[in-house]
Amino acid sequence: MSLSVGIVGLPNVGKSTLFNALSEKQAEAANYAFCTIDPNHGVIPVPDPRFDALVKLYEPHSAVAATVDFVDIAGLVKGASRGEGRGNAFLSNIRDCQAIAHVVRCFEDDNVVHVDGRVDPIADIETIETELILKDLETVEKRRERARRAAKGGDPMEQAAFALCEALAATLDGGKRAALHPCDDDKQRQVLAELALITSKPMFYVANVREEQLSSLDSDPLVSAVRARAEAEGAELNVICAAIEAEIMQLPVAERAEFLESVGLTEPSLNAVIRTGYQVLNLITYFTAGKKEVRAWTIERGTRAPQAAGKIHSDFERGFIRAEVIDWQDLVELGSESACKSAGKMGTEGKDYVVRDGDVMHFRFNV
């Protein structure tokens with residue numbers, strides 16, 4: 001399964017505008033392998049100045065960036081957990097994603113009707129969260145009843161499942177996300193993974209504002225309310241003007257810097273959204289670099305060298321001998337692998353080496 005971020009929110013909050021801007025970014029990118037799986041699913045390159053610096057250094061024949069999938073999920077409404085507004089289909093789409101980007105409307109506009117007739121970002125967040133919690137509660141209660149019957153036979157896994165579901169039901173019934181429930185037992189962690197609860201997924205907020213608000217984001221009351229909510233939950237917050245982002249992507253590349261400067265931005269806010277989506281999935285990037293190709297490889301944080309090598313080819317992992325490792329910044333500053341080696345900046349690492357974000361690696365193997 002590909003790693004994907006589902007874009008959720010109420011209708012008319014800017015989800016599709018955001019996704020369309022992301023899709024334009026996908027369409028104009030030429031330095032990564034991409035595909036559009038269907039009209040609402042895009043594989044988006046991760047903006048990374050380290051990758052750009054390595055491409056500039058090597059001037060390779062091919063350059064392949066890291067990517068993250070974004071899925072535009074149609075607007076949820078009250079009652080979605082009971083099937084309202086095709087809620088079951090929408091919630092199923094969210095369940096298939098590994099993380100959630102919750103787009104929240106933080107702008108007033110009489111021409112864009114709010115589904116509830118008012119602009120209140122916290123109420124919107126609570127509407128969506130309630131529907132997700134209710135759907136998870138339904139899932140947990142079904143599993144609890146199955147575990148209750150099976151646990152009578154003394155099955156330790158089912159006993160663990162029953163205990164977990166009892167605790168999760170109490171957490172969810174109290175209006176809290178499943179992600180806030182601690183789970184330290186290995187059996188319970190396995191059951192939790194099988195449940196695939198929506199509210200156990202990592203989540204971040206995207207506050208959508210009008211252009212006029214960009215100059216006063218620190219004091220804007222709507223944005224401040226969402227920021228406080230995100231801080232209380234330990235969640236990331238990105239603030240964007242989705243309409244401007246869509247406009248930027250439609251401009252010729254040569255004109256974008258000037259336009260960004262005119263609206264007070266140093267880079268498209270989309271870049272921060274993409275990077276946040278990548279980060280909340282607990283992903284890091286290592287690089288392979290040479291004249292033939294510079295490529296960014298996506299791995300989970302904590303991956304050891306042989307498993308990182310296996311991302312390239314299974315033979316690399318199976319016959320792993322060692323990895324030659326250079327920090328990307330040392331390589332760019334010194335200008336070549338040989339210069340890094342002479343300066344003692346190239347390390348030789350074995351099977352227990354935990355790959356760091358930004359490593360440039362060359363693997364030695366034998367099969």
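All figures in this text were calculated on a predicted structure; none of them were measured in a lab.

## Examining the overall build of the protein chain
Here's step 1: Each helix and strand counted, the protein chain has 14 helices and 13 strands in total.
Here's step 2: A sequence separation of at least 24 residues applies to 70% of the contacts in the protein chain between residues at least 6 apart.
Here's step 3: When the accessible area of the protein chain is evaluated, it comes to approximately 17,600 Å², of which 48% is carbon and sulfur surface.

## As for the pattern of salt bridges
Here's step 1: Applying the stated criterion across every chain, the model contains 19 salt bridges.
Here's step 2: For the salt bridge of Arg229 with Glu129, the shortest nitrogen-to-oxygen distance reads 3.3 Å. Taken together, the residues span a long stretch of sequence, with Arg229 in helix H7 (residues 221-233) and Glu129 in helix H4 (residues 121-151) at a distance of 100 residues.
Here's step 3: For Arg229, a relative accessible area of 17% puts it in the buried group.
Here's step 4: Exposure remark for Glu129: the relative accessible area of 10% places this residue in the buried category.

## Focus on helix H2 (residues 49-58)
Here's step 1: Of the residues making up H2, those classed as buried are Arg50, Phe51, Leu54 and Tyr58. The buried side chains of H2 occupy one side of the element, clustering within an arc of 100 degrees when seen end-on. In this structure, H2 carries Pro49 and Lys56 as exposed residues pointing more than 90 degrees from its buried face.

## Here's the deal with the packing of H4 against helix H5 (residues 156-173)
Here's step 1: Running from N to C, H4 and H5 point in directions that differ by 150 degrees, and their axes come no closer than 8 Å. With respect to H5, the element H4 is oriented roughly antiparallel. Between H4 and H5 the crossing geometry is left-handed. Within the contact between the two elements, H4 uses Ile133, Asp136, Leu137, Val140, Arg143, Arg144, Arg146, Ala147, Arg148, Ala150 and Ala151 and H5 uses Glu158, Gln159, Ala161, Phe162, Cys165, Glu166, Leu168, Ala169, Leu172 and Asp173.
Here's step 2: Class assignment for the residues of the contact of H4 with H5 results in twelve nonpolar, one polar and eight charged.

## Here we look at the side chain of Arg256
Here's step 1: Here Arg256 lies in helix H9 (residues 253-262).
Here's step 2: A polar contact of 3.0 Å, which involves the side chain of Arg256, links it to the backbone oxygen of Met249.

## Here we look at the packing of aromatic side chains
Here's step 1: What the rule picks out here adds up to four aromatic pairs.
Here's step 2: Taking 5.9 Å as the distance between ring centres and 85 degrees as the angle between the ring planes, the aromatic pair formed by Tyr286 and Phe363 counts as edge-to-face. Taken together, the positions of Tyr286 in strand E9 (residues 283-289) and Phe363 in strand E13 (residues 359-365) put the pair 77 residues apart, joining distant regions of the chain. When sorted by exposure, Tyr286 lands in the same class as Phe363, which is buried.
Here's step 3: Each residue in the set Tyr286, Trp297, Phe320 and Phe363 is aromatic and connected to the rest through ring pairs, giving one cluster.

## Quick notes on the packing of H4 against H7
Here's step 1: For the pair H4 and H7, the least separation of the axes is 9 Å and the interaxial angle reads 45 degrees. Judged by the angle between their axes, H4 and H7 are oblique. Here Pro121, Ile122, Ile125, Glu126 and Glu129 of H4 lie close against H7, whose contacting residues are Leu222, Ala225, Val226, Arg229 and Glu233.
Here's step 2: Class assignment for the residues of the contact of H4 with H7 results in six nonpolar, no polar and four charged.

## Observations concerning the side chain of Thr303
Here's step 1: Inspection of the secondary structure puts Thr303 in the loop between strand E10 (293-300) and helix H11 (305-310).
Here's step 2: Residue classification places Thr303 among the buried residues on the basis of a relative accessible area of 14%.
Here's step 3: Polar contacts involving the side chain of Thr303 include one to the main-chain carbonyl oxygen of Glu300, which spans 2.6 Å.
Here's step 4: Each residue touching Thr303, except ones within four places of it in the same chain, is listed here: Ala308, Tyr353, Val354 and Val355.

## As for H9
Here's step 1: Along H9, the residues that are buried comprise Arg256, Phe259 and Leu260. Seen from one end, H9 has its buried residues packed into an arc of 100 degrees, which puts them on one side. Those residues of H9 that are exposed and angled more than 90 degrees off the buried face are Ala254, Ala257, Glu258, Glu261 and Ser262.
Here's step 2: Two residues or fewer after H9 comes Gly264, characterised by a positive phi angle close to 80 degrees.

## Concerning empty space enclosed by the protein
Here's step 1: The final tally for this structure, using the stated rule, is one cavity of 30 Å³ or more.
Here's step 2: What lines the largest cavity is Val8, Ile100, His102, Ile125, Ile128, Glu129, Leu132, Arg177 and Met203.
Here's step 3: Counting residues per element, the ones that place at least two in the lining of the largest cavity are strand E6 (99-105) and H4.
Here's step 4: Top contributing element to the lining of the largest cavity by residue count: H4, with four residues.
Here's step 5: Taken together, the residues that form the lining of the largest cavity break down as six nonpolar, one polar and two charged.

## Section: unusual backbone geometry
Generally, phi is negative for residues other than glycine and the peptide bonds are trans, each holding for most cases.
Here's step 1: Even without being a glycine, Ala196 presents a positive backbone phi close to 50 degrees.
Here's step 2: Here Ala196 lies in the loop between helix H6 (186-195) and strand E7 (203-208).
Here's step 3: A residue is classified by how much of its surface remains accessible, and Ala196, at 27% relative accessible area, is partly exposed.
Here's step 4: Of note in this structure, Asn282 is not a glycine but carries a positive phi near 65 degrees.
Here's step 5: Among the structural elements, Asn282 can be located in the loop between helix H10 (269-280) and E9.
Here's step 6: By relative accessible area, Asn282 is classed as partly exposed at 37%.

What counts and what doesn't
- Residues numbered from 1 in each chain as written.
- Predicted model: local features only at pLDDT ≥ 70, side-chain atom pairs only at ≥ 80, totals over all residues.
- Heavy atoms only, no water.
- Helix = DSSP H or I, 4+ residues; strand = E, 2+ residues; numbered from the N terminus.
- Contact = heavy atoms within 4.5 Å.
- Areas by Shrake-Rupley, 256 points an atom, 1.4 Å probe, with all protein chains shown as cover.
- Salt bridge = Lys/Arg side-chain N within 4 Å of Asp/Glu carboxyl O.
- Buried < 20%, exposed > 50% of the residue type's maximum accessible area, 1.4 Å probe, protein only.
- Arc of directions from axis to C-beta.
- Axes fitted to C-alpha atoms, helices over the stretch in contact; angles between N-to-C directions.
- Parallel < 35°, antiparallel > 145°, perpendicular 65-115°, else oblique.
- Left-handed = near helix turned anticlockwise from the far one by under 90°.
- Nonpolar A, V, L, I, M, F, W, Y, C, P; charged D, E, K, R; others polar.
- Polar contact = N/O pair within 3.5 Å; in protein donor to acceptor, adjacent residues only side chain to side chain.
- Phe/Tyr/Trp six-rings, centres within 6.5 Å; stacked < 30°, edge-to-face > 60°.
- 1 Å grid on protein atoms, 1.4 Å probe; cavity = no way out; pocket = protein on both sides within 12 Å on 5 of 7 lines; lining within 4 Å.
- Points joined across faces, edges and corners; volume = space filled by probe spheres on them.

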